[in-house]
Structure formats: structure tokens, C-alpha cells
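# Tertiary structure, described
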Amino acid sequence: MKKLLYTVMASVLLIACGKPKDPVSQTINSVDTKNIKDLNISILIDLSDRIDPQKNANPTMEYFQRDIEYIKAIDKGFLDHIKTKKMIQLNDQMQVFFNPEPSDPKMNELTKNLKVSFDRNTTKDNIDKVEKTYSSLPSQIYQSAIQDKKYIGSDIWEFFKNKVKDYCIKDNHRNILFILTDGYMYHKDSKFSEGKMTSYLTPELIKSLRLTASDYKSRIQSEKLGFIKASDDLDNLEVIVLGINPVKGNPFEEDVIKEYWENWFKEMKIKNYQIKSADLPSNLEPIILKVISGKS
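As a starting point, this report considers the structure included with it. (Residues numbered from 1 in each chain as written. Predicted model: local features only at pLDDT ≥ 70, side-chain atom pairs only at ≥ 80, totals over all residues. Heavy atoms only, no water.)

With mixed pairing, the three strands of this open sheet are ordered in space as S5-S6-S7. The sheet is open, and its two edges are formed by strand S5 (193–194) and strand S7 (226–227), each paired on a single side. Of the strand pairs in this sheet, S5 and strand S6 (residues 197–198) are connected by two bridges, and their pairing is antiparallel. Looking across to S6, one finds that Glu-194 is bridged to Met-197. (Pairing = 2+ DSSP bridges. Helix = DSSP H or I, 4+ residues; strand = E, 2+ residues; numbered from the N terminus.)

What follows is the structure in C-alpha cells.
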């Protein structure tokens, strides 16, 4: 009897010792966001003079035209996802943001029309309407901005500080933020520094910091250079940056830009991110579709 009792006690102790100390956190850490079926896609557009076809001309394909095609690819990926679900399962949304908002009421109205939401009451006509909307309205937005020549810039740093959690993150969804930008970050209302960390990045800053040689990475680390952290605990946000377009003259300019963004994302606990150059849409579309499908 004693022998049986000892055996039972030993078994209990063995199980207790082998039990995880924190089963809740272990479960949370094991969650794969790509298994979540509902999408919440946001697009943040940098409307600075990077889209000016005169200042930043490209004979192959203008940068604003590339943006428009990127947006169409994002829309295609979103609708492909919608079409894989039964109507009763729909709980997905997509929206476009600028920061700051344009003063032109027409631009804000266009943006409002680009915010779409699908639920169990969605019809096939609604889906077809979204496809048409995203085929025409983005072009109107860019043409309006170019014709006005009042480029509002893009306060990406402030967007992450004050808006990204409220605007781009939804519980029980895959939250994907696409940022269309050349990679430089600057706005007059959010230009400050803490030591050598800054809320902005410009070609002039890169040059003044002497990040123009192959030792750029070690200099960034040793001198503690980079973006000031704007937010925290963004581990449930995936970020895809499209359109990195370094100025000519510094062979390491693009590397520096990407290093700044990567370190910034890591500081804000963003685990899933990609940073892509301003390539032709035909080259980037497969990447965009793969990201949205969850197969990347």
C-alpha cells in the first residue's frame, strides 16, 4: 500500500514539475495571427512632394502611378480574401489614411468612400462596387494633390504616436498597415530630437551624420542613431512599407533608410514587417498578394 502511495505521489510531483509556469502567456505567444480569418487593412499615403512628377520624374513609370497600382494590388488581395469566405463569415474592412488630413473637402470625401467594411449583410453588388471604387478614386486623389501643388507632407511619426492603435488595430483581426512612402520622414509639426535620435529622416540628416560609407550600420549602433520610439506593444500589427526611393549620390542611402525603419519597428515590438523599394507594380504585386493571403 505504501509502495502504491509513493508511486502515486511521485507521479503527481512529476506532472507538477513538468507543467508550464505560465500557461496563459504561452498560449498567447503561440497564437499565429495568420490563422485569424478576418482582415483589417489600412493604407497610409505619404502625400509629400515625392509624388511630384516634375521634381521626381521617372521616365519608366511616375512614382504616383506606382502608388496607384500598389493600391489596386492591395484591393485585389483584399477582395480575393473576401471571395474565399461565406457571406455569413464576413467581418473585414479596409481604409485609407493621410496624416495630416488634406484641407480640401473633396479629398476627404474621396477618402471616406475608400473606407469599406464587409459583414454578413454584404451583397455581391457591394463587392463589385468596391473594386470599381478602388480602380478610380486613388487616381483622383493623386491628381488632385499634384494639380494643387500644396503637398501636405506626411507626419508618419505622429500617426504612429497618436493614431495607429485607434485607427489600424482591431481585436480578433489580422491588422495590416501598408505605408506608401519614399522612406524619408519629415513634417514641420513633428521635427525634434532626443540626443541623436530624431523623429525625422532627410537626405541632409543622413549626410550630416556621415552615413555615407559601408560602416553605416556600426555608426548607427555606436552613436545610437535612429527614430525616436513613437509607440509600444504593436506586436499585433503587420507593416509593409512600399516605395523606398533614396536620393542619388550616396550608394548606402537606401540601406540607411531601411536600417532606420527596421530598428524603429523592432523598438515598437512590430514583429512582422517588410520594407520594399519603389519597384514596378508588376514586381511588387505578387509580394502584396502573398502578404494579404497570409502565405508570406
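For any two helices packed against each other, one specifies the inter-axial angle together with the distance between the axes. Close contact between helix H3 (residues 63–82) and helix H5 (residues 124–148) brings their axes to 10 Å; oriented N to C, the two are set at 160 degrees. Taken together, the axes of H3 and H5 are roughly antiparallel relative to one another. The two elements H3 and H5 meet at a crossing, and its hand is right-handed. Note on element contacts: H5 touches H3 through Ile-127, Val-130, Glu-131, Tyr-134, Ser-135, Pro-138, Ser-139, Tyr-142, Gln-143 and Ile-146, opposite Phe-64, Asp-67, Ile-68, Ile-71, Lys-72, Asp-75, Leu-79 and Ile-82. Of the residues belonging to the contact of H3 with H5, the class tally is eleven nonpolar, three polar and four charged. (Axes fitted to C-alpha atoms, helices over the stretch in contact; angles between N-to-C directions. Parallel < 35°, antiparallel > 145°, perpendicular 65-115°, else oblique. Left-handed = near helix turned anticlockwise from the far one by under 90°. Contact = heavy atoms within 4.5 Å. Nonpolar A, V, L, I, M, F, W, Y, C, P; charged D, E, K, R; others polar.)

Membership of the largest hydrophobic core comes to 43 residues, with the highest contact counts inside it found for Ile-41, Ile-43, Ile-45, Phe-78, Tyr-134, Tyr-142 and Phe-178. Counting residues per element, this core draws most heavily on H3, at ten residues. Discounting chain neighbours no more than four positions away, the residues touching Ile-41 are Ile-74, Phe-78, Gln-93, Met-94, Gln-95, Ile-176, Phe-178 and Ile-292. Counting 39 residues, the second-largest nonpolar core is a separate cluster that includes Leu-225, Leu-237, Tyr-260 and Met-268. (Core = buried A, V, L, I, M, F, W, Y, C linked by side-chain atoms within 4.5 Å. Buried < 20%, exposed > 50% of the residue type's maximum accessible area, 1.4 Å probe, protein only.)

Attention now moves to helix H11 (residues 281–293). Quick reminder: α-helices carry 3.6 residues per turn. Residues three or four places apart thus point the same way. A rise of 1.5 Å per residue sets the reference length of H11, with its 13 residues, at 18 Å; its end C-alpha atoms lie 18 Å apart and thus fit the reference within 8%. Every buried residue of H11 is accounted for by Pro-281, Leu-284, Ile-288, Val-291 and Ile-292. For H11, the angular spread of buried residues about the axis comes to 90 degrees, placing them on one side. Residues of H11 that are buried make contact with strand S1 (39–45), H3, strand S4 (174–180), strand S8 (237–244) and strand S9 (273–277). With its phi angle positive at about 85 degrees, Gly-294 sits one or two positions after the end of H11. (Expected span 1.5 Å × (residues − 1). Arc of directions from axis to C-beta.)

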